[in-house]
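Fold and geometry: a report
Listed here are the chains, written in short residue letters.
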Amino acid sequence: MKTDQIAVQTEDLTRRFGKFTAVKSATVTVMEGEIFGFLGANGAGKTTMIRMLCGLLKPSSGRATVSGFDVYRQSEQIKQNIGYMSQKFSLYDDLTISENIEFYGGIYNLPVETILRRKENLLQELGLQSEAEKLTRELPLGYKQRLALGCALLHDPPILFLDEPTSGVDPKARRSFWNLIYLTSQKGKTIFVTTHFMDEAEYCHRLSIMRDGEIIALGPPAKLKETHKKSSMQEVFISIVNGELPA
Amino acid sequence: MRKRIVAIARKEFLHIIHDVRSLVIIFAMPVLMLILFGYALNLEIQNINLSVFDFSRTPASRKLVNQFAASKYFSIRYEKGTPSTIDSLFLSKEARAALIIDKNFARDFRNAPTTTVQLLVDAADPNAASFIKNYCNGVIGRFNDTHSTTFPLPFEIKQRIWYNPDMKSAYFFVPGLIALILIMISALLTSITITREKEMGTMEQILVSPVQPNEIIIGKVLPYILLAFLDGMLILLLGIFIFDVPFEGSSLLLILLSIIFLMTALSFGLMISTIVSTQQVAMMLSLSATLLPTVMLSGFIFPINSMPVILQYLSYLVPAKYYITIIRGVMLKGNTLWQLIFPAMFLLILTAVMLRNALHRFNLNLEK
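Residues numbered from 1 in each chain as written. Chains lettered and ligands numbered in written order. Predicted model: local features only at pLDDT ≥ 70, side-chain atom pairs only at ≥ 80, totals over all residues. Heavy atoms only, no water.

1. Some words on the overall build of chain B
Each helix and strand counted, chain B has 14 helices and four strands in total. Here the C-alpha coordinates of chain B stretch approximately 95 × 45 × 40 Å along the principal axes. Partitioning the contacts of chain B with sequence separation of at least 6, the portion at a separation of at least 24 is 80%. Here chain B displays about 19,600 Å² of accessible surface, and carbon together with sulfur accounts for 65% of that area. Placing the 31 positive and 22 negative side-chain charges of chain B at their respective mean positions leaves the two points 3 Å apart. (Helix = DSSP H or I, 4+ residues; strand = E, 2+ residues; numbered from the N terminus. Contact = heavy atoms within 4.5 Å. Areas by Shrake-Rupley, 256 points an atom, 1.4 Å probe, with all protein chains shown as cover. Lys, Arg positive; Asp, Glu negative; His and termini not counted. Charge placed at Lys NZ, Arg CZ, Asp CG, Glu CD.)

Written out as structure tokens, the structure is:
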């Protein structure tokens, strides 16, 4: 459900670690309600990009706004407006499902009644009502991942950052995870997702492909396939990363 | 802000109670240490095997030997051979000291101005040897007091030993052990709890939320202050009830100063967690950096005044040194706050320096 409001905007965003440049003048604009994919090999700069937008890392130069807030000066406001889930599922294995949910509600300062209400909703959505008092480590990976997503969305942020959310999960669980992402996007949330699975890339509204810290292709999957005259994103990705020019 | 601290403290508390095994270790380890130290770390020597070569064989010489037998320190064995066997007695550890009474002992004791007996001590362990020598002098002194036929001594020294009249070692080490346990447990637990979140990647999840670094730290440390405090109280009560350690001073003062010491220990743990990134290294570093200096350099066992000067200076950096002064003062002597103001100030300064350093490094790690 795209609107014409800008959710995330970057201009020449750059991050250096010593002499190494992890992200080189990245310029992207993501609209509200969009599912925006970041593709790239390992070490291409996807995670650095996300970390800068989430306020975990200060950019070296360039400009960026998230939900209209500046990443340099307004990181506190940004933090209230984003959800984040990383490749390591950020749940506490030794706490119960219910305790994990309550903790995330607590650190976002939600009122107790809101936490309890949303916890019930989340447990119901995941079909885990009867498991709420079980330890999280007993959950299958696919459930953990959906629970982690639910926790990241507990404070109802308009923008969601997912850093390789499906690594290590089987194809079936990935499929159902992406259904969840679609549902979330239909509720008007902007989703920023990094992945290296090409089938997932097809699900995105728009994609950017990174190589060595640079964004070298940007557009809807269908458009990218058309320009590069390839039948799948897999082939597009390989030809782009290998430096072939569009035919 | 309060609510977020509570959320973090609550989560940390849940980690603690879900992990029953660690909880048992946290409380069982200090008790075990107390009992081990309590019964093994005894600086007194008892049941010293004393071989007696009595060539006098008179009522006077038997009285002297009985005087030794009457003290709890010696167990007496009459030897029939010659003093040349002493060497083999010492070598086979059948005796640690030998007393040789000359055949003229009874006569000289009555008539001559002085008489001598010979005492030989196995000084392979010099500390023990000097204890044995002192015990023997005590016994012989008392013998002279009661049996000397010549005029009494022109003056005598009446000894009164204050604060620990029975010279019990437990009085000395129970307070020290509380210091050791408090600093070890608090530094270990705080350094592990923060590195665990770094290792698991959950720290990142917290950092993308609006929680401030100082809220994370306060929230995480609060439950451990409570835990370490309970641990300290447990040892204190066991010390008082099992080892009869007296408590002369104000318990309120001790609680107040103990909380300051806990803050020092926790800041130390925090500082470690900002330097290392895995739980294992945090554990090794916090154990070795608290255990060794506290045992060696704090006055826990070895007196600081008799150390080389450079170690004496180094001991100023050991937080337990101040706390041991405080807790011994309050428990054994009944010191007041004013008498303990210097160690208390030093603890506050150490805490401030370490906490500032830890917070600074914590923020720095975020910006990287």
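2. A look at the interface of chain B and chain A
The interface is formed by 28 residues belonging to chain B together with 30 residues belonging to chain A. Across the chain B/chain A interface, buried area totals approximately 2,600 Å², and carbon plus sulfur atoms make up 54% of it. Along the contact surface separating chain B from chain A lie two salt bridges. Of all the elements in the fold, those that place two or more residues in the side of chain B that touches chain A are α1 (2-18), α7 (169-200), α8 (202-207) and α14 (341-367) of chain B. (Buried area = accessible area lost by both parts, 1.4 Å probe. Salt bridge = Lys/Arg side-chain N within 4 Å of Asp/Glu carboxyl O.)

3. Observations regarding the pairing of strand β2 (residues 20-31) of chain A
Residues and elements named next belong to chain A. Pairing of strand β1 (residues 6-17) with β2, which is carried by eight bridges, proceeds in the antiparallel orientation. Bridge pairing in β2 places Leu13 opposite Ala26. Linking β1 back to β2 in an antiparallel pair, the connection comprises two residues, with Gly18 at a positive phi of about 65°. (Pairing = 2+ DSSP bridges.)

4. A short note on the pattern of salt bridges
In this structure the tally under the stated criterion is 23 salt bridges over all chains. Of the charged contacts in the structure, one is a salt bridge between Glu11 of chain A and Arg63 of chain A, with a shortest N-O distance of 3.1 Å. Of the two residues, Glu11 of chain A sits in strand β1 while Arg63 of chain A sits in strand β4 (residues 61-66), which places them 52 residues apart along the sequence. Owing to a relative accessible area of 51%, Arg63 of chain A belongs among the exposed residues under this scheme. Salt bridges linked by common partners bring Lys11, Glu12, Arg196, Glu197 and Lys220 of chain B together as one network. (Buried < 20%, exposed > 50% of the residue type's maximum accessible area, 1.4 Å probe, protein only.)

5. Focus on the pairing of strand β1 (residues 48-54) of chain B
Residue and element names in this part refer to chain B. Counting buried positions over the seven residues of β1 gives six, a clear majority of the element. Both β1 and strand β2 (residues 74-78) contribute to a ladder of five bridges, which runs parallel. Within β2, the position partnered with Val52 by the bridge is Tyr78. In this view, the connection linking β1 to its parallel neighbour β2 by way of helix α3 (residues 59-70) has right-handed handedness. When β1 meets strand β3 (residues 97-101), the two strands line up parallel, connected through five bridges. Counterpart to Ser51 in the pairing with β3 is Ala98. (Right-handed = clockwise from strand over helix to strand, strands pointing away.)

6. Some thoughts on the sheet that holds β1 of chain B
Residues and elements named next belong to chain B. Sheet architecture is open: four strands sit in the order β2-β1-β3-β4, paired in mixed fashion. Sheet topology places β2 and β4 (117-121) at the edges, where each strand pairs with a single neighbour. Within the sheet, the average angular offset between the axes of one strand and its neighbour, ignoring direction, is 25°. Contacts from α3 reach β1, β2, β3 and β4, with the element oriented near 145° to β2. (Axes fitted to C-alpha atoms, helices over the stretch in contact; angles between N-to-C directions.)

7. Focus on the side chain of Asp231 of chain B
All names here are of chain B. With respect to the secondary-structure elements, Asp231 resides in helix α9 (residues 213-242). Buried charged residue Asp231 carries no salt bridge. Nearest counter-charge: Arg196, at 16 Å. Among all residues touching Asp231, those that are not within four sequence positions of it are Ile26, Phe27, Pro30, Ile181 and Ile185.

8. Comments concerning the packing of aromatic side chains
Evaluated as defined, the whole model comprises 14 aromatic pairs over all chains. Aromatic side chains Phe261 of chain B and Tyr323 of chain B sit 4.3 Å apart centroid to centroid with 0° between the ring planes, which places their arrangement in the stacked category. You can see Phe261 of chain B sitting in helix α10 (residues 251-275) and its partner Tyr323 of chain B sitting in helix α13 (residues 319-333), a full 62 residues away along the chain. Judged by relative accessible area, which is 0%, Phe261 of chain B ranks as buried. Owing to a relative accessible area of 1%, Tyr323 of chain B belongs among the buried residues under this scheme. Through a chain of ring-to-ring contacts, three or more aromatic side chains come together here, namely Phe36, Phe38, Phe161 and Phe192 of chain A. Over the ring of Phe17 of chain A we find Arg15 of chain A, and its NZ or CZ is 4.6 Å from the ring centre. (Phe/Tyr/Trp six-rings, centres within 6.5 Å; stacked < 30°, edge-to-face > 60°. Lys NZ or Arg CZ within 6 Å of the ring centre and 35° of its normal.)

9. A closer look at α1 of chain B
Taking 1.5 Å as the rise per residue, α1 of chain B with 17 residues should run 24 Å; its terminal C-alpha atoms sit 24 Å apart, in good agreement. Here the buried face of α1 of chain B lies against α3 (97-107) of chain A together with α2 (20-40), α7 and α9 of chain B. (Expected span 1.5 Å × (residues − 1).)

10. A few points about α10 of chain B
Residues and elements named next belong to chain B. Taking 1.5 Å of rise per residue, 25 residues should cover 36 Å, and α10 covers 36 Å from first to last C-alpha, within 8% of that figure. Counted residue by residue, α10 has 18 buried out of 25 residues, so it is predominantly covered. Near the N-terminus of α10, the side chain that reaches the backbone nitrogen of Leu252, with its oxygen 3.3 Å away, is that of Ser250. (Polar contact = N/O pair within 3.5 Å; in protein donor to acceptor, adjacent residues only side chain to side chain.)

11. Comments concerning the sheet that holds strand β6 (residues 82-85) of chain A
Residues and elements named next belong to chain A. Pairing is mixed in the open sheet, where six strands are placed in the order β6-β7-β8-β3-β9-β10. Each end of this open sheet is capped by a strand with a single partner; those strands are β6 and β10 (214-219). Averaged over neighbouring strand pairs, the angle between their axes works out to 15° when direction is ignored. Across the face of the sheet, helix α9 (residues 233-241) comes into contact with β3 (35-40), β9 (206-211) and β10 while running at roughly 35° to β9.

12. Points about the nonpolar core
Among the nonpolar cores identified, the biggest contains 149 residues, and Val8, Val66, Leu147, Phe161 and Phe192 of chain A are the most heavily contacted of them. No other element matches the 16 residues that α7 of chain B contributes to this core. Sequence-distant contacts of Phe161 of chain A, that is, excluding residues within four places in its chain, are made with Val8, Ile50, Leu53, Cys54, Val66, Ile82, Gly83, Tyr84, Met85 and Phe192 of chain A. Judged by nonpolar contacts, the second largest core, of 21 residues, contains Leu50, Val52, Ile101 and Cys136 of chain B. (Core = buried A, V, L, I, M, F, W, Y, C linked by side-chain atoms within 4.5 Å.)

13. Focus on empty space enclosed by the protein
Applying the stated criterion to the full structure yields two cavities of 30 Å³ or more. For the largest cavity, the full set of lining residues is Ile178, Leu182, Phe229, Gly232, Met233, Leu236, Leu254, Ile255, Ser258, Leu262, Tyr323 and Ile327 of chain B. Those elements that place two or more of their residues in the lining of the largest cavity are α7, α9, α10 and α13 of chain B. Residues that form the lining of the largest cavity fall into these classes: 10 nonpolar, two polar and no charged. Considered as a void within the structure, the second largest cavity measures approximately 50 Å³ in volume. Tyr84, Met85, Ser90, Leu91, Tyr104, Ala148, Cys151 and Ala152 of chain A together with Gln205 of chain B together form the lining of the second largest cavity. Contributions of two or more residues to the lining of the second largest cavity are made by β6 and α5 (141-152) of chain A. Tallying contributions element by element places α5 of chain A first for the lining of the second largest cavity, with three residues. (1 Å grid on protein atoms, 1.4 Å probe; cavity = no way out; pocket = protein on both sides within 12 Å on 5 of 7 lines; lining within 4 Å. Points joined across faces, edges and corners; volume = space filled by probe spheres on them. Nonpolar A, V, L, I, M, F, W, Y, C, P; charged D, E, K, R; others polar.)

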